[in-house]
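In case you want the letters, here they are:
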Amino acid sequence: MIKRSKMNDMDDFERPTPNSARAKRAYSTGPNKLIEVVERAVEGLPRWTLESSRDGELHAIRRTRLFRFRDDVTVRIVEQANGSEARFESASRVGKVDLGRSPRNLEELLDAINRELG
């Protein structure tokens, strides 16, 4: 069963498991430009590391503040008729429950992307 979680009025995240979250967003920019924007957004966030970026898929690691647990964040970007669609997924590597960290990871990344886009 997929649960939906409202973080705020703008962002709606799916919770396929208690330790993961997913979202998708449409952007009016092309996929190559969007990949650059996501890369800059990740590189500008504290405790985030860009692990790989190829073929429209980016993989980042976000470390938690207290115990430095690693969360995997994947972004897949596909071309659409009027721009791009980005599919985001965050999953905790440790434990069965992430205490809401995965949706917060996505919210943090989406906010950074929006800042980069202006």
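Residues numbered from 1 in each chain as written. Predicted model: local features only at pLDDT ≥ 70, side-chain atom pairs only at ≥ 80, totals over all residues. Heavy atoms only, no water.

Looking at the largest pocket, its volume works out to about 250 Å³. Together, 14 residues line the largest pocket, and T64, F69, D98, L99 and R101 are the ones closest to its centre. Taken together, the residues of the lining of the largest pocket sort by class into six nonpolar, two polar and six charged. The volume enclosed by the second largest pocket comes to roughly 180 Å³. Surrounding the second largest pocket, 10 residues form its lining, E14, R22, A23, K24 and F88 being those nearest its centre. Mapped onto the lining of the second largest pocket, the elements with two or more residues apiece are β2 (12–15), β3 (20–27) and β7 (83–92). (1 Å grid on protein atoms, 1.4 Å probe; cavity = no way out; pocket = protein on both sides within 12 Å on 5 of 7 lines; lining within 4 Å. Points joined across faces, edges and corners; volume = space filled by probe spheres on them. Nonpolar A, V, L, I, M, F, W, Y, C, P; charged D, E, K, R; others polar. Helix = DSSP H or I, 4+ residues; strand = E, 2+ residues; numbered from the N terminus.)

Quick look at the environment of Y27 now. Checked against the element boundaries, Y27 lands in strand β3. The exposure class assigned to Y27 is buried, which follows from its relative accessible area of 11%. Put simply, Y27 and A86 are 59 residues apart on the chain and 7.7 Å apart in space, counted from C-alpha to C-alpha. (Buried < 20%, exposed > 50% of the residue type's maximum accessible area, 1.4 Å probe, protein only.)

In this section: helix α2 (residues 101–117). Here α2 is 17 residues long and its end C-alpha atoms lie 24 Å apart, about the 24 Å a rise of 1.5 Å per residue gives. Every buried residue of α2 is accounted for by R101, S102, P103, N105, L106, E107, E108, L109, L110, A112 and I113. One or two positions beyond α2, positive phi appears at G118, with a value near 85 degrees. (Expected span 1.5 Å × (residues − 1).)

On to the packing of helix α1 (residues 31–43) against α2. Packing of α1 against α2 brings their axes to within 9 Å, and their N-to-C directions diverge by 120 degrees. Considered as vectors, α1 and α2 are oriented oblique to each other. Judged by the twist between their axes, the crossing of α1 over α2 is right-handed. Contacts between α1 and α2 involve V37, V38, R40, A41 and V42 from the first element and L109, A112, I113, E116 and L117 from the second. Grouping the constituent residues of the contact of α1 with α2 by class yields eight nonpolar, no polar and two charged. (Axes fitted to C-alpha atoms, helices over the stretch in contact; angles between N-to-C directions. Parallel < 35°, antiparallel > 145°, perpendicular 65-115°, else oblique. Left-handed = near helix turned anticlockwise from the far one by under 90°. Contact = heavy atoms within 4.5 Å.)

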